[in-house]
Amino acid sequence: MAAKEIRLDAGDDATAAARRAAEVLDNDGLVIFPTETVYGVAARVTPAALTKLREVKGRSADQAFTVHLGDKETASEFVPRISGRARRLIRKAWPGPLTLILPEPHPEAAPIARRLDPNMLDAVYYNGAVGLRCPDERFALAMLRAAGGPVVASSANHAGESPPTTLEAAVKSLGDSVDLAVGTGPTRYNKPSTIVRISGRQLEVVREGVLDAGTVQRMAVLRLLFVCTGNTCRSPMAAALARKFLAERLGCSMEQLSDHGVLVSSAGTAGGGGGAAEFAIEVMLERGIDLHDHVSTLLTADQVRQADHCFTMTAAHRDAVNSLEPGSADRVALLLHDRDVEDPIGGTAQDYEQCAEILEQGLRARLEEIEP
């Protein structure tokens with residue numbers, strides 16, 4: 001029997017269709033649905049629904065499907081301890097055409113296990129890992145949010161066929177095997193998602209799709225930004241010390257940090273031109289760090305957008321950064337949790353030494369919170 005079809009145009013409200021699809025899923029049915037990459041076939045994580053999905057896809061019982069999420073924040077329900085690299089990819093690429101395979105050696109302890117039939121864990125986790133995807137398609141997200149529990153999906157085609165990028169192709173392949181098919185026109189990218197496996201600091205591009213390997217690697221880089229006023233003393237000293245501490249943690253030289261996926265920079269809300277202050281150079285040389293080549297930089301909105309963490313010297317700097325780029329406020333914070341780092345400009349060598357010691361203390365605390 002052919003599946004019931006719902007077709008949505010660009011301006012149509014997807015709410016009613018999403019609720020209808022969620023009802024089908026919650027009653028152990030299968031739904032063909034669009035993503036930004038290809039059309040998929042979805043099922044709730046229940047014994048009856050997964051049996052149907054395995055029959056349709058020709059999958060054995062020991063093969064897991066990719067979990068599709070309606071909100072990227074729910075990834076932690078499946079993997080409570082997400083690595084730094086994975087968190088950066090989730091922030092920068094989701095919703096979007098990226099599938100992440102993340103390690104979870106103890107799925108029975110994950111929050112989602114409390115909402116699943118214990119026998120269903122193997123349908124979600126495979127060999128100590130889980131595949132997660134948060135599609136960037138309005139109907140898909142609405143359907144996944146409306147569903148009463150976890151949803152898995154695969155491309156809407158039989159084995160050996162090309163993944164469909166139109167509703168017509170998906171229905172031609174699986175239309176007689178599903179309960180509902182929803183279309184929103186041709187998919188945006190006309191190719192599959194990129195699949196990336198992450199284990200600790202190791203990143204493997206399993207399959208290139210919409211995103212190429214170079215783009216994924218750049219997204220995974222840890223970018224730290226330090227901000228003061230003129231970018232001649234406090235922020236360049238903080239950035240240099242951060243490089244030193246991170247290099248020690250990673251067992252590499254400061255020059256090799258970029259090879260380890262770490263970039264540290266500094267800027268000033270009124271910076272631009274000139275070098276580091278003389279006493280800043282002196283106190284850093286005593287710590288084995290050379291600031292002679294530093295050039296003061298004026299802070300830009302693009303620098304803030306790219307930063308995973310932006311640490312400011314004062315509350316006034318924090319406010320200036322948030323005014324420049326309001327969308328990044330959740331990643332902007334004082335270097336010291338509860339007070340400003342006073343400006344040593346115009347002071348003595350001892351003033352700069354005290355500033356450097358304060359920066360060291362603040363950095364050690366802040367860097368403990370960050371996983372490269």
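No experiment lies behind these values; they were computed from the predicted model shown.

**Q** So what exactly am I meant to see when it comes to the overall build of the chain here?
**A** Across its full length, the chain holds 13 helices and 15 strands. For the chain, the proportion of its 372 residues judged to be buried stands at 52%. Put simply, 72% of the contacts in the chain that link residues at least 6 apart link residues at least 24 apart. Averaging the locations of the 40 positively and 50 negatively charged side chains of the chain gives two centres separated by 4 Å.

**Q** Which parts of the structure should I look at to understand unusual backbone geometry?
**A** Negative phi is the rule for most residues except glycine; trans is the rule for most peptide bonds. The step from Trp94 to Pro95 runs through a cis peptide bond, and the omega angle for that step is -10°. Within the secondary structure, Pro95 sits in the loop between α4 (84-93) and β5 (98-103). You will see that Asp28, though not glycine, has its phi angle at about 65°, which is positive. Residue Asp28 is classed as partly exposed on the basis of its relative accessible area, which comes to 22%. Within the chain, Asn190 stands out as a residue other than glycine whose phi angle is a positive 65°.

**Q** Teacher, can you tell me more about helix α7 (residues 167-174) here?
**A** Because an α-helix packs 3.6 residues into every turn, residues spaced three or four apart end up facing the same way. Those residues of α7 that fall on the buried side of the exposure criterion are Leu167, Ala170, Ser173 and Leu174. Projected down its long axis, α7 carries its buried residues within an arc of 135°, all on one side. Next to the buried residues of α7 lie β1 (4-7), β2 (31-34), β3 (39-44), α2 (47-57) and β9 (180-183).

**Q** Any chance you could explain the packing of helix α1 (residues 15-26) against helix α6 (residues 138-146) here in plain terms?
**A** For the pair α1 and α6, the least separation of the axes is 8 Å and the interaxial angle reads 50°. Classified by the angle between their axes, α1 and α6 sit oblique to one another. Crossing of α1 against α6: the hand is right-handed. Between α1 and α6, the residues in contact are Ala17, Ala18, Ala21, Ala22, Leu25 and Asp26 and Phe139, Ala142, Met143 and Ala146, respectively. Residue composition of the contact of α1 with α6, by class: nine nonpolar, no polar and one charged.

**Q** When you look at the packing of α4 against helix α8 (residues 213-220) in this model, what are you seeing that I'm missing?
**A** Put simply, α4 and α8 touch, their axes get as near as 8 Å, and they point 110° apart. With respect to their mutual orientation, α4 and α8 come out roughly perpendicular. On the side of α4, the interface is formed by Arg85, Arg88, Leu89, Lys92 and Ala93, while α8 contributes Val216, Gln217, Arg218, Met219 and Ala220. Counted by class, the contact of α4 with α8 contains five nonpolar, one polar and four charged residues.

**Q** Can you help me understand the sheet that holds strand β15 (residues 332-334) in this one?
**A** The strands making up a sheet associate through hydrogen bonds between their backbones, and the pairing can be parallel or antiparallel. Ordered in space as β13-β12-β14-β15, the four strands form an open sheet in which the pairing is parallel. On the outer flanks of this sheet lie β13 (262-268) and β15, each paired with one strand and no other. Averaged over all pairs of adjacent strands, the angle between their axes in this sheet comes to 25°, without regard to strand direction. With four bridges joining them, strand β12 (residues 222-228) and strand β14 (residues 309-312) adopt parallel strand pairing. The residue bridging Phe226 from the neighbouring strand is Phe311, located in β14. The strands touched by helix α12 (residues 315-324) within the sheet are β12, β14 and β15, with β15 carrying the most contacts at an inclination of about 170°.

**Q** Explain the environment of Pro326 to me, please; I cannot follow it from the model alone.
**A** Within the fold, Pro326 resides in the loop between α12 and β15. For Pro326, a relative accessible area of 57% translates into the label exposed. Along the sequence, Pro326 and Asp259 sit 67 residues apart, while their C-alpha atoms lie 31 Å from each other.

**Q** Please explain the side chain of Thr312 as it appears in this structure.
**A** Position of Thr312 among the secondary structure elements: in strand β14. When its relative accessible area of 0% is taken as the criterion, Thr312 is described as buried. Here Thr314 takes part through its backbone oxygen, which lies 3.1 Å from a polar atom of the side chain of Thr312.

**Q** It is not clear to me how the nonpolar core should be interpreted in this structure. Could you clarify?
**A** Nonpolar side chains in soluble globular proteins tend to end up buried together. Counting 53 residues, the largest nonpolar core has Ile32, Phe78, Leu89, Trp94, Leu100 and Leu132 as its most contacted members. Contacts of Phe78, omitting those with residues within four sequence positions, involve Val67, Leu69, Glu104, Ala110, Ile112, Val124, Tyr125, Leu132 and Pro150. Leu222, Phe311, Leu335 and Leu359 belong to the second-largest nonpolar core, a separate cluster that totals 39 residues.

**Q** What's the story with the packing of aromatic side chains in this structure? I'm lost.
**A** For any two aromatic rings, the description comes down to two numbers: the centre-to-centre distance and the angle of the planes. By the definition in use, this model includes two aromatic pairs. Centre to centre, the rings of Phe226 and Phe311 are 5.8 Å apart; their planes meet at 35°, and the pair counts as tilted. With a gap of 85 residues between them, Phe226 in strand β12 and Phe311 in strand β14 connect regions that are remote in the sequence. We note that Phe226, like Phe311, is buried.

**Q** What's the story with the side chain of His68 in this structure? I'm lost.
**A** Inspection of the secondary structure assignment puts His68 in strand β4 (residues 66-68). According to the relative accessible area criterion, His68 is buried, its value standing at 11%. Here Thr66 takes part through its backbone oxygen, which lies 3.2 Å from a polar atom of the side chain of His68.

Reading the values: the criteria
- Residues numbered from 1 in each chain as written.
- Predicted model: local features only at pLDDT ≥ 70, side-chain atom pairs only at ≥ 80, totals over all residues.
- Heavy atoms only, no water.
- Helix = DSSP H or I, 4+ residues; strand = E, 2+ residues; numbered from the N terminus.
- Buried < 20%, exposed > 50% of the residue type's maximum accessible area, 1.4 Å probe, protein only.
- Contact = heavy atoms within 4.5 Å.
- Lys, Arg positive; Asp, Glu negative; His and termini not counted.
- Charge placed at Lys NZ, Arg CZ, Asp CG, Glu CD.
- Arc of directions from axis to C-beta.
- Axes fitted to C-alpha atoms, helices over the stretch in contact; angles between N-to-C directions.
- Parallel < 35°, antiparallel > 145°, perpendicular 65-115°, else oblique.
- Left-handed = near helix turned anticlockwise from the far one by under 90°.
- Nonpolar A, V, L, I, M, F, W, Y, C, P; charged D, E, K, R; others polar.
- Pairing = 2+ DSSP bridges.
- Polar contact = N/O pair within 3.5 Å; in protein donor to acceptor, adjacent residues only side chain to side chain.
- Core = buried A, V, L, I, M, F, W, Y, C linked by side-chain atoms within 4.5 Å.
- Phe/Tyr/Trp six-rings, centres within 6.5 Å; stacked < 30°, edge-to-face > 60°.

Any functional reading would require information beyond the geometric quantities listed.
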